[in-house]
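# Summary of the model geometry
For reference, the chains in residue letters:
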Amino acid sequence: MTCCAPSVEFADARFDRHRARNDEMLLASHDVGEGLRQTDLSVPTIHCGGCIQKIESTLDALPGVEQARVNLSTKRVTIRWRADGAPPPLIESLSRMGYEAHLYDAVADSKDDTVAKLVRALAVAGFAASNIMLLSVSIWSGAEPATRDLFHWISAVIAVPAVVYCGRIFFGSAWQSLRHGQTNMDVPISIGVLLAFGLSLYETFNRGPHAYFDASITLLFFLLIGRTLDHMMRERARVAVKGLARLAPRGALILQPDGAQIYLPLSEIRPGMTILLTAGDRVPVDCRILKGQSDIDCSLVSGESIPQTAGAGSLLQAGTLSLTGPLTIVATAAAKDSFLAEMIQMMEAAESGRSTYRRIADRAARLYAPVVHVAAVVTFIGWVAATGDVHRALTIAIAVLIITCPCALGLAVPMVQVVAARRLFEQGIMLKDGGALERLAEVETVVFDKTGTLTLGEPRLVDASTIAPDAFELAVVIASHSQHPYSRALVAAHQGPVRSPTSMTSVSEYPGSGLEARIGPTVHRLGRPEWALAGGEASHSVSEMGTIVLSKNGQYLATFQFVDRLRSGVHEAVAALAKDGLAVEVLSGDREEAVRRLASALGVPHYSPVSPADKATHIASMEASGRKVLMVGDGLNDAPALVAAHASMAPASAADVGRNAADLVFLSESLLSVPQAVTVARNARRLVRENLIIAVGYNAIAMPVAILGYVTPLIAAVAMSLSSLIVVANALRLGDSRRRNQHKGDSPKRSLPSSRFALEGRK
Amino acid sequence: MTDFFYLIPIALALGAVGLAAFLWSLKSGQYEDLDGAAARILSNEDDNPIVKVRQPNPAPEKGEGFGKELKQ
């Protein structure tokens, strides 16, 4: 870009952006037949019935829109539009109404129908269990042998399809695990259910008195409840995380050799292609700048908090954000070889290096299954030896298996985790699966990234009150023409009405330098001191990068200092973590000085500047020395470390890859989410342990009774339901303990000064 | 005793009808938006749900999706 005609370039840039947006929408939509295309938008601020009506009626009225439908639960809007025209201005219309919307990939999302499958199985199991139980109750109340046999037959007719349909979820998983020479929870479940079912069929054929159809199907029903809740919890977190704004671009506007412009998806960009990048776009692939100058925000990629100036010849990494000027760039690598891909490779390496975590229920199953199976075999042998009656011995051995079938393990653990996930959800923390909760409870060290995690990565004006009001106002008027973070911070910091600007002839932005405004013959400059001031050389006090000055015809008018804003609750969060006995560290890719200042204010050790690979290595070495680490980070450069850590958290503003790699994503701005999550995880661990103790205690009582041969189907049904109810009731206590803890913890937290630590700029 | 011969089939048939109704409601997307349904009952306008379309070949991008979940 030439400095002489910036305003023309600006107009171009805006046109390009509009066009790129249309192309992006086309790329994100999919064909639904009958000449219609469907676009899904995520609109996080939908919250009531009024929003539904307003959005639907406005979008329906747009030309080309066939139908718009709001989903209030998932906060999404589905729009069908006629494919013959250009995409309707959906996002623009929504933003005019005050709803921020972003494109949502429904296609990539539609593949998971596990929950639907589980709910269907649950419905079938519920139907079968209730009907078989009705028949069983009449048998237990003393039906005549002929009636009993008839009822057994009816039960069998209901149970056969039900066990096949509902049980395959467990049988499949058990078979998979056995084939790999392991056991999981599903192995004892499958063995118990299948043996009980087989015995019952045999009894029915031989007109025996006892059949366990009700036990086998009720067991499946209870276990399916646990499993369905578990999946629903994960699905909910997944949808919530997926609905966040997508930070990686879908494609880029390519300038072809013949001068034509075409929007290509990311996967089709080849090295050597010329790409037009407008201000406010993320760099799609690793590239070199051909033409133009801009300020580049690298915070997501390297953790550097301060924008870098880049001009022709500079190399840019994929994922950085061009702030101020339009750029013409040439791709140096395809998307699959870019920085992002490098991170993904590192994540895979970190993943394979990490010891696989076995969930509590599976670990319990590993101890539990052999004990139960040995007990059953010993019972069988003992009864054969004592009475010589093989049939009776087999019946009793199977009764042992049924009575000890791990209902409590299969239901109690997911139940606690579902309740915990719900508590976290209410606090704006998305838990992606139950195993993560168990791992989170074990952590001893918390490692924070700096930029974007401890700080928000956005500048804030300091000492606004000491700036001369006239100069401040003028600066705000000039700054309102720019999207640079400093300009926006300046506008945001100004309170009260702005006097209407004196007739400004033109305002132009010089990327890397600042803004220039002409008012008649006078030239005002707002930007880098060495550029804005006539002397060229900056004086001592204004030489920092976090500083810009306002000048009039080269004469100094005012100084503006910026600092990186801290996330709220940082001090409180670090204090709370320390109180819980956790060590805290800061690991950042930013410059040493900036990190040191923040870390020493928090009183925690720090490591910087650290490359992405070193971050992952650092975490891995801590893990190797036996310290369990919780990594909290947001950038692309944190992604390998997030995977390497025992547990990981990311803020909602994190890079897409980081958000997907993290176990938990917190939506709130406050860092207090981290200690909150740790507390919930620890409470959940306590309840899981209690539940396991209850389950073991129940077995300790029930097993001798079963071994001695006193268990009838009636006793089995009562004991099983009772133990399930007890563990579920215990799981529900998690809500109460949270409230208690909050009341205890609230008052001291509030009394802490909510001071905001100011981080100075660099150099 | 003979009452069973028609009472039990009736009971089972009623249960099966309930099960079928639930499975149908699940399939027709009535549980897709429970919060929205609560709000829409108050609206006067016509209300036509969008029929869900199955996508034949989803093509998830690399790096999307939960890596950990897949590996576990």
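Criteria and cut-off values
- Residues numbered from 1 in each chain as written.
- Chains lettered and ligands numbered in written order.
- Predicted model: local features only at pLDDT ≥ 70, side-chain atom pairs only at ≥ 80, totals over all residues.
- Heavy atoms only, no water.
- Helix = DSSP H or I, 4+ residues; strand = E, 2+ residues; numbered from the N terminus.
- Buried < 20%, exposed > 50% of the residue type's maximum accessible area, 1.4 Å probe, protein only.
- Areas by Shrake-Rupley, 256 points an atom, 1.4 Å probe, with all protein chains shown as cover.
- Pairing = 2+ DSSP bridges.
- Contact = heavy atoms within 4.5 Å.
- Axes fitted to C-alpha atoms, helices over the stretch in contact; angles between N-to-C directions.
- Salt bridge = Lys/Arg side-chain N within 4 Å of Asp/Glu carboxyl O.
- Expected span 1.5 Å × (residues − 1).
- Core = buried A, V, L, I, M, F, W, Y, C linked by side-chain atoms within 4.5 Å.
- Parallel < 35°, antiparallel > 145°, perpendicular 65-115°, else oblique.
- pLDDT = per-residue confidence, 0-100.

### Structural notes on the overall build of chain A
Helix and strand content of chain A: 25 helices and 27 strands. The burial tally for chain A puts 57% of its 763 residues in the buried class. For chain A, the exposed surface amounts to about 31,100 Å²; the carbon and sulfur share of it is 58%.

### Some thoughts on the sheet that holds strand 26 (residues 647-651) of chain A
Residues and elements named next belong to chain A. The sheet built from seven strands is open, its strands ordered 15-27-26-25-16-23-24 with mixed pairing. Here the strands that pair on one side only, and so sit at the sheet edges, are strand 15 (429-431) and strand 24 (606-607). Sheet topology note: the strand 25 (residues 629-632)/strand 26 ladder contains three bridges and is parallel. Residue pairing for strand 26: Leu 630 is matched across the bridge by Ala 647. Contacts from helix 20 (residues 612-624) reach strand 16 (445-448), strand 23 (583-587), strand 24 and strand 25, with the element oriented near 160° to strand 23.

### Quick notes on the pattern of salt bridges
Between side chains of opposite charge, pairing is possible as soon as their charged atoms come close. Applying the stated rule across the entire model yields 19 salt bridges over all chains. In this structure, B:Arg40 and A:Glu56 form a salt bridge, with 2.8 Å as the shortest nitrogen-oxygen distance. Here B:Arg40, found in helix 2 (residues 34-40), pairs with A:Glu56, found in helix 2 (residues 49-61), and the two come from separate chains. Assessed through its relative accessible area of 10%, B:Arg40 is described here as buried. For A:Asp590, the salt bridge is made with A:Lys450, and the minimal N-O distance between the two is 3.0 Å. Within this pair, whereas A:Asp590 is found in the loop between strand 23 and helix 19 (592-602), its partner A:Lys450 is found in helix 14 (residues 450-454), the two being separated by 140 residues in sequence. Both residues of the pair, A:Asp590 and A:Lys450, count as buried. Each of A:Arg148, A:Asp149 and A:Arg207 takes part in salt bridges that share partners, so that together they form one network.

### Brief notes about helix 1 (residues 4-27) of chain B
An α-helix turns once every 3.6 residues. As a result, residues three or four positions apart point the same way. Taking 1.5 Å of rise per residue, 24 residues should cover 34 Å, and helix 1 of chain B covers 34 Å from first to last C-alpha, within 8% of that figure. For helix 1 of chain B, the set of buried residues is B:Ile8, B:Leu19, B:Ser25 and B:Leu26. The elements touched by buried residues of helix 1 of chain B are helix 5 (114-140) and helix 6 (145-179) of chain A. Phi turns positive, to about 80°, at B:Gly29, one or two residues after helix 1 of chain B.

### Details of the pairing of strand 19 (residues 514-519) of chain A
Residue and element names in this part refer to chain A. Burial analysis of strand 19 places five of its six residues in the buried class, which makes it a mostly covered element. Bridging between strand 18 (residues 506-510) and strand 19 involves five bridges; their strand directions are antiparallel. When the sheet's bridge partners are listed, Glu 509 is paired in strand 19 with Leu 515. The hairpin formed by strand 18 and strand 19 contains three residues between the paired strands, and Gly 512 there has a positive phi angle of roughly 85°. With six bridges joining them, strand 19 and strand 20 (residues 522-527) adopt antiparallel strand pairing. For Gly 514, the partnering residue across the bridge sits in strand 20 and is Gly 527. In this structure, the hairpin formed by strand 19 and strand 20 is closed by a connection of two residues, where Gly 520 is found at a positive phi of approximately 60°.

### A short note on the sheet that holds strand 10 (residues 294-297) of chain A
Pairing between sheet strands relies on hydrogen bonds along the backbone, with the strands arranged either parallel or antiparallel. Residues and elements named next belong to chain A. Here three strands make up an open sheet; going across it, the order is 11-10-13 and the pairing antiparallel. The open sheet has two edge strands with one neighbour each: strand 11 (308-310) and strand 13 (321-322). Relative to strand 13, strand 10 runs antiparallel, the two sharing two bridges. When the bridges of strand 13 are listed, Asp 297 appears paired with Leu 321.

### A closer look at the nonpolar core
Residue and element names in this part refer to chain A. The biggest cluster of nonpolar side chains holds 116 residues, and the ones touching the most others in it are Phe 448, Leu 630, Met 649 and Val 674. For this core, the element with the highest residue contribution is helix 23 (residues 673-707), accounting for 13 residues. Setting aside anything within four residues of it in sequence, one finds Val 674 in contact with Val 446, Phe 448, Leu 577, Leu 630, Val 632, Met 649 and Phe 666. Counting residues in each nonpolar core, the second largest holds 26 residues, with Val 301, Ile 619, Val 657 and Ala 662 among its members.

### As for helix 13 (residues 434-442) of chain A
Counted residue by residue, helix 13 of chain A has eight buried out of nine residues, so it is predominantly covered. All buried positions along helix 13 of chain A are accounted for by A:Gly434, A:Gly435, A:Ala436, A:Leu437, A:Glu438, A:Arg439, A:Leu440 and A:Ala441.

### A look at the packing of helix 10 (residues 360-387) of chain A against helix 23 of chain A
Residues and elements named next belong to chain A. Relative to each other, helix 10 and helix 23 sit at 5°, their axes nearing to 12 Å. In terms of axis orientation, helix 10 runs roughly parallel to helix 23. From helix 10, Ile 360, Tyr 368, Ala 375, Thr 379 and Trp 383 reach across to helix 23, where they touch Val 688, Leu 692, Asn 699, Met 703 and Ile 707.

### Comments concerning the confidence of the model for chain B
All names here are of chain B. A residue-level look at chain B finds 65% of positions with pLDDT of 70 or above and a mean pLDDT of 70. Averaged pLDDT values over the elements of chain B bottom out at 35 in helix 3 (residues 67-71) and peak at 90 in helix 1. Every residue in residues 54-72 scores below 50 in pLDDT, and together they form 36 contacts with partners more than four places removed in sequence or on other chains. If you check the scores for this complex, the pTM reads 0.76 and the ipTM reads 0.72.

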